[in-house]
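# Descriptive structure summary
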Amino acid sequence: MTGEEEAVPKLKAVGFWRPPRKWPSPRWLVNSDWELENRGRITRYLRSGSVCGGALGYSWCRFHCCRAHPVRMGSCERSDGIWAWPEGLAHYIHKHNIMLPDAFIHTMRMNEWRMPAGNAERVADWRSTCGAYDYEPWETWAFQYKSWYVFW
Ligand SMILES: [Zn+2]
């Protein structure tokens, strides 16, 4: 022990499309060829994250033609100790074929597509000592796919 406390870093936000900021639209990110062989693993990984925060209500699907039930979209945020995402993100992968940043997929692969041991405790620790997200890399990544054919 050095006696020095290590600062708990912010979690990297991914998959957020909420106001008040002008977050990206999932419609920009549709790519039916992306990570085809790993889709199931990615969806399971997203659903198994430890709860790291809650929203004020159930989310809704941003694809208006979709009839996903709000309960399916979830109301909380989940984390693997490095990244944080809204619970409904799995639905966008599963039903709407959206892409996620390679760096996030890299973390999943390093974790062998499972939550690492002790994840819930690590996330609880982050919550009590830091509790903040870093949105900037996610926004920068997603905005490079901005489509002018999409109005929201
Ligand atoms: Zn949907």
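For clarity, every value in this text was computed on a predicted model and none was experimentally measured. (Residues numbered from 1 in each chain as written. Predicted model: local features only at pLDDT ≥ 70, side-chain atom pairs only at ≥ 80, totals over all residues.)

### What to know about the overall build of the chain
In plain terms, the rule: A run of DSSP states H or I qualifies as a helix once it reaches four residues; a run of E qualifies as a strand once it reaches two. Both are numbered from the N-terminal end. Radius of gyration here uses only the C-alpha atoms, and the compact-globule reference equals 2.2 Å multiplied by the residue count raised to the power 0.38. Here a residue counts as buried when 20 or more other C-beta atoms fall within 10 Å of its C-beta, as exposed when 12 or fewer do, and as partly exposed in between; the C-beta atoms come from the backbone. Contact criterion: two residues are in contact if their C-beta atoms, reconstructed from the backbone, are within 7 Å.
The number of helices and strands found in the chain is 6 helices and 5 strands. Going from N to C terminus, the chain has its helices and strands arranged as β-α-β-α-β-β-α-α-α-β-α. Relative to the 2.2 N^0.38 estimate, which gives 15 Å for 152 residues, the radius of gyration of the chain is 16 Å and therefore close to what a compact globule would have. Considering only C-alpha atoms, the chain reaches an extent of 55 × 35 × 30 Å along its principal axes. Within the span of the chain, comprising 152 residues, buried residues form 28% of the whole. A separation threshold of at least 6 residues defines the contact pool for the chain, and within that pool the share at least 24 residues apart is 75%.

### Remarks on the environment of Ser-32
Counting through the fold element by element, Ser-32 comes out in the loop between β1 (11-13) and α1 (39-48). The exposure class assigned to Ser-32 is exposed, which follows from the 9 C-beta atoms found within 10 Å. For the pair Ser-32 and Asn-111, spaced 79 residues apart in sequence, the C-alpha to C-alpha distance is 24 Å.

### Some words on α1
Structural remark: α-helix, 3.6 residues per turn; residues separated by three or four positions point the same way. Short version of the rule: By definition, the arc is the one covered by directions from the helix axis to the C-beta atoms.
Taken as a whole, α1 has its buried residues at Ile-42, Tyr-45 and Leu-46. Down the axis of α1, the sector holding all buried residues measures 95°, keeping them to one side. On the buried face of α1, the contacting elements are β3 (76-79), β4 (83-86), α3 (89-96) and α4 (102-110).

### Examining the sheet that holds strand β5 (residues 133-134)
This is how the line gets drawn: At least two bridges found by DSSP between two strands are what make those strands a pair.
Across the sheet, which stays open at both edges, the 5 strands sit in the order β2-β3-β4-β1-β5 with mixed pairing between neighbours. Strand pairing shows two members of the sheet lacking a second neighbour, β2 (50-54) and β5, which therefore form its edges.

### Thoughts on the packing of α1 against α3
Packed helix pairs are characterised by how far apart their axes lie and by the angle those axes make with each other. What counts, and what does not: For every element, the axis is a line fit to its C-alpha atoms; helices are fit only across the contacting stretch, and the angle between N-to-C directions ranges from 0 to 180 degrees. If an angle is under 35 degrees, it is roughly parallel; if it is over 145, roughly antiparallel; if it lies from 65 to 115, roughly perpendicular; otherwise it is oblique. The crossing is said to be left-handed when, going from far helix to near helix, the turn is anticlockwise and less than a right angle, and right-handed when the turn is clockwise.
Orientation of α1 relative to α3, taken along the N-to-C sense of each, is 160°, at an axis distance of 8 Å. Taken together, the axes of α1 and α3 are roughly antiparallel relative to one another. For the pair α1 and α3, the crossing hand works out as left-handed. Contacts from Arg-39, Ile-42, Thr-43, Leu-46 and Arg-47 in α1 reach Leu-89, Ala-90, Ile-93 and His-94 in α3.

### Observations regarding the nonpolar core
To keep things clear, this is the line we draw: Note on terminology: a nonpolar core is a set of buried residues of type Ala, Val, Leu, Ile, Met, Phe, Trp, Tyr or Cys, with members joined through C-beta atoms within 7 Å.
Formed by 24 residues in total, the largest nonpolar core has its most connected members in Val-14, Leu-46 and Ile-93. Secondary-structure elements contributing two or more residues to this core are β1, α1, β4, α3, α4, α5 (119-129) and α6 (136-143). When residues in this core are grouped by element, the largest group, 4 residues, is from α3. When neighbours within four sequence positions are excluded, Val-14 is seen to be in contact with Trp-83, Trp-85, Leu-100, Pro-101, Phe-104 and Trp-138.

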